[in-house]
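# Analysis of the macromolecular model
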Amino acid sequence: MRASVPGSVCALPLHLLLFLLLLLPEPSCHAHEVTSSTVNPCCSFPCQHLGVCVRYTDDKYECDCTRTGYHGQNCTSPEFWTRVRQVLKPSPHVVHYILTHFRWLWDIINASFLREVLMRLVLTVRSNLIPSPPTYNSKYGYLSWESYYNLSYYTRILPPVPEDCPTPVGVKGHAELPDPELLVERLLKRRTFRPDPQGSNLMFAFFAQHFTHQFFKTFNRMGLGFTKALAHGVDAGHVYGDNLERQLKLRLHKDGKLKYQVVNGEVFPPTVSQASVRMSYPPSVAADRQMAIGQEVFGLLPGLGLYATLWLREHNRVCDVLKAQHPVWDDEQLFQTARLIIIGETIRIVIEEYVQHLSGYLLQLKFDPALLFGSQFQYGNRIALEFSQLYHWHPLMPDSFHIAGDQLPYSHFLYNTSVLTHYGVETLVEAFSLQRAGQVGGGHNINAVVTKVAVGVIKESRQLRIQPFNEYRKRFNLKPYTSFRQFTDSEEIAVALEEFYGDIDALEFYPGLLLEKTRPGSIFGESMVEMGAPFSLKGLLGNPICSPDYWKPSTFGGEAGFAIVNSATLKRLVCQNTRTCPYVAFSVPAEEPSPPGSVQTDEL
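What you see is a predicted model, and the numbers here were worked out from it, not measured in a lab.

### Some remarks on the pattern of salt bridges
All chains considered together, the criterion is met by 29 salt bridges. Salt-bridge contacts for E245 lead to K249; the nearest nitrogen and oxygen are separated by 3.5 Å. Here E245 pairs with K249, and both are found in helix α11 (residues 244-250), just four residues apart, close to one helical turn. Accessibility expressed as a relative area gives 29% for K249, which makes it partly exposed.

### Let's talk about the environment of L99
Its location among the elements puts L99 in helix α4 (residues 92-99). In this structure L99 comes out as buried when scored by relative accessible area, which is 9%. Expressed as a C-alpha distance, the spacing of L99 and Y361, which sit 262 residues apart in the sequence, is 5.1 Å. Excluding residues that lie within four positions of it along the chain, L99 makes contacts with W106, G360, Y361, L362 and L363.

### Describing unusual backbone geometry
The step from S132 to P133 runs through a cis peptide bond, and the omega angle for that step is 5°. Relative to the elements of secondary structure, P133 occurs in the loop between α6 (114-127) and α7 (145-149). Residues other than glycine seldom take positive phi values, yet L50 does so here, at roughly 70°. Its place among the elements puts L50 in the loop between α2 (14-23) and β1 (52-55). With a phi close to 55°, R465 is a non-glycine residue in the positive phi region. Locating R465 in the fold gives a position in the loop between α18 (451-463) and α19 (469-475).

### Considering the pairing of β1
Residues in a regular strand project their side chains so that they alternate between the two faces of the sheet. Strand direction decides the pairing type here: β1 and strand β2 (residues 61-64), joined by four bridges, are antiparallel. What sits directly across from C53, in β2, is C63. Connecting β1 to the antiparallel partner β2 that follows it, the hairpin turn spans five residues.

### Considerations on the state of the cysteines
Enumeration according to the criterion identifies five disulfides in this entry. The disulfide that involves C65 links it to C75, with 2.0 Å between the sulfurs. Because the sign of the S-S torsion sets the handedness, a value of about -90° for the bond joining C65 and C75 places this disulfide among the left-handed ones. Linking C65 in the loop between β2 and β3 (70-71) with C75 in the loop between β3 and β4 (77-78), this pair joins segments that are 10 residues apart in sequence.

### A look at a nonpolar patch on the surface
A contiguous nonpolar surface patch, about 670 Å² in accessible area, is contributed by V94, Y97, I98, F102, W104, L105 and I108. Of all elements in the fold, only α4 and α5 (103-110) reach the threshold of two or more residues within the nonpolar patch. Within the secondary structure, V94 is located in helix α4. When its relative accessible area of 35% is taken as the criterion, V94 is described as partly exposed.

### So, the nonpolar core
Among the nonpolar cores identified, the biggest contains 151 residues, and Y354 and W393 are the most heavily contacted of them. Of all the elements, helix α13 (residues 331-359) adds the most residues to this core, at 13 residues. Filtering out sequence-adjacent residues up to four positions away, W393 remains in contact with F204, A208, Y354, L358, V440, F524 and M528. C42, C47, C65 and C75 belong to the second largest nonpolar core, which has seven residues in total.

### Re the packing of aromatic side chains
Two measures describe an aromatic ring pair: the distance that separates the ring centres and the angle between the ring planes. According to the stated counting rule, one finds 41 aromatic pairs in the structure shown. Here the aromatic rings of W145 and Y148 are separated by 4.9 Å at their centres, their planes lie at 50°, and the arrangement is tilted. Here the residue W145 and the residue Y148 both occupy positions in helix α7, the gap between them amounting to three residues, near one helical turn. Residue classification places W145 among the exposed residues on the basis of a relative accessible area of 60%. Under the relative-accessibility criterion, Y148 is labelled partly exposed at 40%.

The rules behind each value
- Residues numbered from 1 in each chain as written.
- Predicted model: local features only at pLDDT ≥ 70, side-chain atom pairs only at ≥ 80, totals over all residues.
- Heavy atoms only, no water.
- Salt bridge = Lys/Arg side-chain N within 4 Å of Asp/Glu carboxyl O.
- Helix = DSSP H or I, 4+ residues; strand = E, 2+ residues; numbered from the N terminus.
- Buried < 20%, exposed > 50% of the residue type's maximum accessible area, 1.4 Å probe, protein only.
- Contact = heavy atoms within 4.5 Å.
- Pairing = 2+ DSSP bridges.
- Disulfide = S-S within 2.5 Å.
- Patch = residues over 30% accessible without salt bridge, like charges linked within 9 Å, V, L, I, M, F, W, Y side chains within 5 Å.
- Areas by Shrake-Rupley, 256 points an atom, 1.4 Å probe, with all protein chains shown as cover.
- Core = buried A, V, L, I, M, F, W, Y, C linked by side-chain atoms within 4.5 Å.
- Phe/Tyr/Trp six-rings, centres within 6.5 Å; stacked < 30°, edge-to-face > 60°.

Shown next as structure tokens:
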């Protein structure tokens with residue numbers, strides 16, 4: 001039965017109905033009211049739709065609405081074409097639903113030219129949400145030359161909360177924020193392991209950590225909001241080191257290759273005795289069990305050592321391919337070209353497999369830089385503080401690690417390189433590919449061993465005065481939540497948040513991302529995807545190798561090197577560098593095998 005519609009509305013011509021819609025008043029933008037008692041009027045974030053708040057006196061401000069598509073005191077009145085776009089543009093929820101349903105339709109699209117058309121649209125729409133050049137940093141809440149040129153800072157999408165606000169997040173909520181340790185204990189700490197319904201596995205979890213730590217290198221010893229990763233993107237610094245001195249110590253200086261050691265007939269990263277780079281191991285770990293890796297913290301987990309081993313082997317394999325093609329090349333040219341190939345392989349695997357898995361899209365993603373050559377796209381990237389905060393996905397980690405019938409607790413896993421050399425690459429790859437990771441969103445899923453990291457993230461966000469969660473919802477074109485019960489489908493979490501914050505507009509950025517209700521059958525909530533994807537795609541496609549001057553065979557040593565980049569997959573990375581080819585993917589098989597045994601081992 002169809003719902004009845006008033007005949008007078010049905011009789012209106014479509015163009016007249018559209019015109020009437022455009023005349024309707026703009027819905028509430030959830031702006032905060034500025035009162036005379038406000039110390040700083042910008043504390044209430046009055047400027048909507050990317051408008052910039054400029055303060056003149058104690059109680060006088062102005063919103064700069066330039067090129068926002070809006071006008072009015074608080075940039076809330078849409079211009080004509082903005083209203084047209086609002087009427088025609090589907091919501092993020094509708095777009096996500098279409099991209100994750102109707103498989104028969106996507107099978108047709110993926111086999112046609114429409115795949116490239118839609119991929120170009122995805123890349124441009126997502127990337128345009130990230131400002132380029134960068135805008136703010138943690139020192140300045142306004143545009144400055146320092147924010148642009150000082151690469152030692154993470155950039156920021158939104159400026160810091162002004163220092164003279166009535167509450168820590170502006171004007172809403174309690175005068176004091178909740179104790180971070182209590183917050184994590186009650187809302188984020190795991191009670192019972194909750195597996196990711198998308199089937200993400202530990203191979204995915206360790207890849208996420210390994211991949212992102214080439215550009216997430218917070219350097220608080222220098223000051224708040226600083227980073228050591230001056231390249232601000234995919235540079236394979238986690239393989240080669242983040243400075244020339246470290247790189248030179250890791251190189252073999254022959255045939256372009258990296259140093260290595262052989263254990264039980266297999267190649268692994270060298271020890272710190274063979275490559276004297278600084279690594280972050282506890283004093284209890286002997287020097288001959290400390291592996292020298294590009295990223296100094298990668299001795300922490302055998303899963304990170306596994307990926308370090310795979311990329312070391314791949315670099316040296318690529319050098320052999322290049323030397324066969326170019327016997328006249330010296331060590332330096334072989335090394336530098338191999339590095340470009342490794343960067344290209346990384347980006348392809350990230351887009352076509354890692355992001356593909358995360359998105360759940362039925363649109364088959366494609367890494368083809370040429371798709372953007374006809375558009376106004378800026379090649380360059382700055383890593384944002386908000387992206388670094390967002391990417392703390394510690395709920396992925398399990399309660400123990402299942403390897404070849406053994407169950408390893410954290411006490412046997414952390415800083416234990418012998419896990420890697422004892423089991424070998426093939427065994428670890430298959431074990432990690434078969435073990436489920438945890439669901440990131442929804443709360444109550446961080447293992448007790450790593451909850452202290454979540455506490456640290458919350459403390460850092462407060463020191464850096466990151467704006468509240470709803471302000472970022474608006475920044476990424478999402479409707480702000482109006483209540484805690486709308487935000488979460490858990491009554492327990494809603495009640496606790498009401499107690500902790502008092503107002504949904506006071507909810508902090510990182511807790512918001514981790515506690516938001518997840519999309520059906522998804523690893524994340526809406527905000528994590530809609531905020532994270534623009535950062536990822538802008539950073540990946542903004543890489544220099546994706547620019548017109550770089551993206552051609554000669555950059556990669558000719559057609560053979562270019563072919564390596566264009567055919568890269570996770571399976572190829574593993575199977576071209578191992579004696580056998582184990583099961584490898586970012587998700588567990590559709591039909592999971594029987595749970596591994598639970599035998600405790602003290603052999604390692």
